[in-house]
Amino acid sequence: MWLFDRDLWSEVFNTLGKNVFRTILTMLGVVIAMIILILLLGSSNGMSNMFQNVFAGTASNSLFVWSQSTSEPYKGFERGRRIQFHLEDAEIIKEQIPEIEVLAPRIELGSHQGITTVYRNGQTSGSSVYGDYPVIDEVTKKKLVEGRFLNHTDIEASKKVCVIGEETYELLFDKGENAIGSDVRINGVFFTVVGIYRPNDNVNIDGENAVFIPFTTFQKAFGSGDRLGWMAIAVKEGVKVPVVEQKIKKLLKTKYDIHPDDDRAIGSFDMSEIFNNVTTFTSVLKGVSFFIGFFTLMAGVIAISNILLITVKERTKEIGVRRALGATPKIVRRQIILESIVITVFAGLIGFTIAIGFLAMINGFLGEEGKENVPLLNPMISIPQFLVSFILMVGLSVLIGLIPANRAVRIRPIEALREE
Amino acid sequence: MIEIKDLHKSYKMGSNSLHVLKGINFTVEDGELVAIMGSSGSGKSTLLNILGMLDGADSGEYTLDGVPIKNLSETKAAEYRNKFLGFVFQSFNLINYKSALENVALPLYYQKVPRKERQEKAMQYLDRVGLKPWANHLPSELSGGQKQRVAIARAMAAEPKVLLADEPTGALDSTTSYEVMDLIQKINDDGNTILVVTHEEDIAHMCKRIVHLKDGIIVEDKKIEQVRAGQYV
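Residues numbered from 1 in each chain as written. Chains lettered and ligands numbered in written order. Predicted model: local features only at pLDDT ≥ 70, side-chain atom pairs only at ≥ 80, totals over all residues.

Undergrad: Go over the overall build of chain B with me, naming the residues and quoting the values.
TA: Counting its regular elements, chain B contains 7 helices and 10 strands. Here the C-alpha atoms of chain B give a radius of gyration of 17 Å, agreeing with the 17 Å that 2.2 N^0.38 yields for 233 residues. When its C-alpha atoms are laid out on the principal axes, chain B stretches across 50 × 40 × 35 Å. Within chain B, the proportion of its 233 residues that are buried is 47%. Taking contacts inside chain B between residues at least 6 apart in sequence as the whole, the part at least 24 apart equals 68%. (Helix = DSSP H or I, 4+ residues; strand = E, 2+ residues; numbered from the N terminus. Rg over C-alpha atoms; globule rule 2.2 N^0.38 Å. Buried ≥ 20, exposed ≤ 12 C-beta atoms within 10 Å, placed from the backbone. Contact = placed C-beta atoms within 7 Å.)

Next up, the structure:
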C-alpha cells in the first residue's frame, strides 16, 4: 500500500522541505482561507444558537387569537361592536379544526394587558392576572424557578392557587423569602403561591409581571362566567400555521356575525412567521458563510497549485532524470498530488486550530451558556461541518494538484535531459 | 544484446523535417565496450536516445536482449529503462538534495527493492566506485569526477543489461576523464555491455570498438586495440 510507503513520504517531505520559506508562504493562503471559513461557520452557528435560545420555550408552531372590535357594519350590527369569545368557542374550534394539537383558552382580569393590583402584607404589585389551563405550558413553556405550574387537580377543584412571575415575587416578597405556600390577595380573594417562574426576556406574550391562576378558579372568584379572553394554539406538525389561523377566524366570524372582510375584529399573532423568518435568515447566513469560505479556500488551494506548477518547472530536469531511472508517470503524478495534499491539509489544520482558538476566545468573552442577550451563543463548528470542510479541502487539493501533476507527467525525459 | 535494423528518425523543424538517422544497422554483442563517435549533428545523441528508449524511432527495428522495443507506453518504457538500461550523463544529473547514497539507491526504489536491501546494495556500488566514505555527502560537496562516479554507481546499481554513457567525460578535465574511463573499463571487464557516446578520440580509443556516425549513417565500424586508461591515472 503506497499510503504507508515511507520512501514516498520522505520524497514528498524532502521536496517540500527544500524550500521551507516558499512552502510556508504557499500555505498561508490556505491557512487564512480555513480561518475565514471556520470563523464564518462558527459565527453563524453562534447566531443560530442565540436565536434558538431566544425562542426557547415557545412552540415555533404556535398561534394566538383574541377578540377586538369590529370595523365593518354587518347584518344590522354597527361597526365598533366589541366581540366577546366564549368558552364553548374553544370546544367548537378544537372539534372542527383537527389540525390543532393544543388549544389553551385564557381569560384575563381587566382589559387586555390590563393591570390588577396584587397585595401581600402591605406590599403591592401591578400585575396581569390570567386564568389559565395547564395546557398553556405546551404552547409557551414556563421556566419554573421554584414550585410547580398549574395542574388538572387545580382546575377540577378550582383551587385558589397561583403561579407568579419572578418580578411579581420581587415586588411582593423580600429577597430570599420563601413564597411557596404564602398567600397573595387579588381583588379581595386570597390565592396560595405554588410556583415562581422566570419569563423569557425575548419572546414574551404574558408580560413581565404576571400571575396565573386556574381558569375554573378565575370563573368562580371573579364571576367571568363562560367568557374567554384569548386562545393560545399549537398546530400539529407539518401543518402551516397561517392555514389554521384563517380557518379559526372564518369559524369565529360566522359565529359572531362579523363581516368576512373585517380584519380588525379578531386579532391574532402567528409565532411561526417570526420563527420562519429567523430560521431562513440563519440558513441563508450559514449558506453565505459556506459559499464565501468555499471560494476563499479554493483561492488558497489554487495558489498552492500555482506554486507547485513553478516547482514542477524548476524540477523539470530532476523529473526527467527520475523518468530515465525508471519512474513511471504514475509515480511522478502521485508524488506531486501528494505534495499538494500534504501542503493543503497541513495548512488547513493550522488554520483550523487558529480559528477554533479564536472562537473559543470569543466564546470566553461573551460568557457561558445560559446567559441571555449575547450576540453569539456557543460560536463553534459542528463535527459534520468540520468533516465537510476537511473533505472539501482534500478534494480540492487533489483536483487542483492534478494540474501540476499532469504537467510533470508531460515532461519527456529526452527534453528534460537535453543539454543546454 | 542490441540489434538495430534500418533505423530512421527525423525531426520536424517548422515546415521542413530534419532527417537525422538515415538507416542505421548495427549489433552489439554481450560484454562489448562501444564508442559512438561523430561530430555534433551526426545523429549520435539521437541514436543514444532511441537506444535508451527516451525517444522513439520513425521506422526500423530495435531489439534489446531479445525484446522488441516498439510502441512502448510511457509506463512500459519506464519499466524497461529501469530493468535494461543504466544512464550516465555528461552533466551527471544527480538529484542535488539527495546524498550520494540516496542517489545511487533511487533506481532500486523504482524497482521496489525493500529499503534496507536498497541501502546495502547502494553502499556496495558506491564502494565499487571508491566513494564509500562520501556516501552521506550531497552532490554539491563532491568534485566533478566524484559526481560522475556516483552517477556510474547509480547506473550500475539497477544491474542493467546495457550501460549508456552520453559524453561521460564531456564536463571533466583529462585526468578525471581517465579516472572515469578507468572505472568504465573495469565495469566492462566484469562483463557489462557499455555504449559510450563521445567526440574525443582518446576516450573513444579506450573502448574496444568505434562506430563512426556522419550525417545520420554509420560510416565506419571497427574493432580496435583498447588503450587502458589505468596507465594515465
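Okay, back to it.
Undergrad: With reference to specific residues and values, describe the interface of chain B and chain A.
TA: Listed by partner, the interface residues are 22 residues for chain B and 19 residues for chain A. Going through the elements one at a time, helix H2 (74–84) and helix H3 (100–110) of chain B are the ones with two or more residues in the side of chain B that touches chain A. For the side of chain B that touches chain A, the element with the highest residue contribution is H2(B), accounting for 6 residues. Considered class by class, the residues forming the side of chain B that touches chain A number 10 nonpolar, 7 polar and 5 charged. (Nonpolar A, V, L, I, M, F, W, Y, C, P; charged D, E, K, R; others polar.)

Undergrad: Tell me about the nonpolar core, residues and numbers included.
TA: Within the largest apolar cluster, 118 residues are counted, with the highest numbers of intra-cluster contacts made by A:Met34, B:Ile36, B:Val104 and B:Leu195. At 11 residues, helix H2 (residues 20–55) of chain A tops the list of elements feeding residues into this core. Leave out the neighbours within four places in its chain, and B:Val104 touches B:Ala122, B:Tyr125, B:Leu126, B:Val150, B:Ala153, B:Arg154 and B:Ala157. The next biggest cluster of nonpolar side chains, apart from the first, holds 55 residues, and it includes A:Val163, A:Leu172, A:Val184 and A:Ile258. (Core = buried A, V, L, I, M, F, W, Y, C linked by C-beta atoms within 7 Å.)

Undergrad: Lay out the environment of A:Asp270 with the relevant residues and their values.
TA: All names here are of chain A. Note that Asp270 resides in strand E13 (residues 266–270). Note: C-alpha distance between Asp270 and Thr311 (41 residues apart in sequence) is 62 Å. Aside from chain neighbours lying at most four places away, what touches Asp270 is Leu63, Val241, Pro242 and Glu245.

These figures capture arrangement, not role.
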